[in-house]
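Summary of structural features
Single-letter residue listing:
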Amino acid sequence: QVQLVESGGGLVQPGGSLRLSCAASGSIFSINVMGWYRQPPGKQRELVAAITSGHSTNYADSVKGRFTISRDNAKATVYLQMNSLKPEDTAVYYCNARDWRGDSWGQGTQVTVSS
């Protein structure tokens with residue numbers, strides 16, 4: 001129904017910045033919420049940030065003040081601006097889209113924060 005493609009991951013130094021993008025296609029008209037999740041090595045997937053079609057946002061405590069989620073409805077794209085990155089932010093980041101039918105997921109993009 002909904003296809004999601006992430007981009008923008010990579011290797012950055014602690015304190016650096018990175019911007020992730022997620023482009024949605026398919027049945028995008030019924031999407032209510034989009035967000036970013038991450039899965040560190042050996043750990044469970046966790047919510048990073050979410051944004052509604054009305055631009056209301058929600059952040060995990062661990063990233064609040066450092067990360068900013070935004071969306072461009074015309075482009076059907078959601079972004080995650082990540083600043084002041086820490087080694088603990090290292091994970092595979094997944095894009096998520098939710099509508100009344102359920103959730104759709106991207107394939108993930110690797111973010112590594114290391115010197």
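Higher on the page you've got the structure.
Here is a short report on the structure shown in this document. All of these numbers come straight from a predicted model, not from anything done at the bench.

**Re the overall build of the protein**
On a plain count of helices and strands, the protein comes out with zero helices and eleven strands. For the protein, the N- to C-terminal ordering of α and β elements is β-β-β-β-β-β-β-β-β-β-β. By the compact-globule yardstick of 13 Å for 115 residues, the protein fits well, its C-alpha radius of gyration being 13 Å. When burial is assessed residue by residue, the protein has 42% of its 115 residues classed as buried. Taking all contacts inside the protein whose residues are at least 6 apart in sequence as the whole, residues at least 24 apart take part in 52%. About 6200 Å² of surface is accessible on the protein, with carbon and sulfur atoms providing 47% of the total. Seen as two clouds, the 11 positive and the 8 negative side-chain charges of the protein have centres 2 Å apart.

**With respect to unusual backbone geometry**
We note that His55 has phi near 70°; this positive angle belongs to a residue other than glycine. Among the structural elements, His55 can be located in the loop between strand E5 (46-52) and strand E6 (57-59). We note that Ala76 has phi near 50°; this positive angle belongs to a residue other than glycine. Considering the arrangement of structural elements, one finds Ala76 in the loop between strand E7 (67-72) and strand E8 (77-82). Exposure remark for Ala76: the relative accessible area of 12% places this residue in the buried category.

**Considerations on the packing of aromatic side chains**
Scanning the entire structure with this criterion turns up one aromatic pair. On the basis of an interplanar angle of 65° and a centroid distance of 4.9 Å, the ring pair of Tyr37 and Trp105 is categorised as edge-to-face. With Tyr37 in strand E4 (residues 33-39) and Trp105 in strand E10 (residues 102-105), the pair connects residues that are 68 residues apart, well separated along the chain. When its relative accessible area of 18% is taken as the criterion, Tyr37 is described as buried. Across the ring face of Tyr94, the terminal group of Arg45 is positioned such that the distance to the ring centre comes to 3.9 Å. Directly above the aromatic system of Trp105 lies the positively charged group of Arg45, at a separation of 4.6 Å from the ring centroid.

**Some remarks on the pairing of strand E9 (residues 91-99)**
Within E9, seven of the nine residues are buried, which leaves it mostly tucked inside the rest of the structure. Bridge count for E4 against E9 is seven bridges, and the pairing is antiparallel. Along E9, the bridge assignment pairs Tyr37 with Tyr94. Where E9 meets strand E11 (residues 109-113), three bridges bridge the pair, whose relative direction is antiparallel. Looking across to E11, one finds that Ala91 is bridged to Val111.

**Observations concerning the pairing of E11**
By the alternation rule, side chains of E11 split into Thr109, Val111 and Val113, which are all buried, and Gln110 and Thr112, of which none is buried. Pairing of strand E2 (residues 10-12) with E11 involves three bridges; the strand directions are parallel. Bridging across to E11, Gly10 finds its partner in Val111.

Definitions and cut-offs
- Residues numbered from 1 in each chain as written.
- Predicted model: local features only at pLDDT ≥ 70, side-chain atom pairs only at ≥ 80, totals over all residues.
- Heavy atoms only, no water.
- Helix = DSSP H or I, 4+ residues; strand = E, 2+ residues; numbered from the N terminus.
- Rg over C-alpha atoms; globule rule 2.2 N^0.38 Å.
- Buried < 20%, exposed > 50% of the residue type's maximum accessible area, 1.4 Å probe, protein only.
- Contact = heavy atoms within 4.5 Å.
- Areas by Shrake-Rupley, 256 points an atom, 1.4 Å probe, with all protein chains shown as cover.
- Lys, Arg positive; Asp, Glu negative; His and termini not counted.
- Charge placed at Lys NZ, Arg CZ, Asp CG, Glu CD.
- Phe/Tyr/Trp six-rings, centres within 6.5 Å; stacked < 30°, edge-to-face > 60°.
- Lys NZ or Arg CZ within 6 Å of the ring centre and 35° of its normal.
- Pairing = 2+ DSSP bridges.

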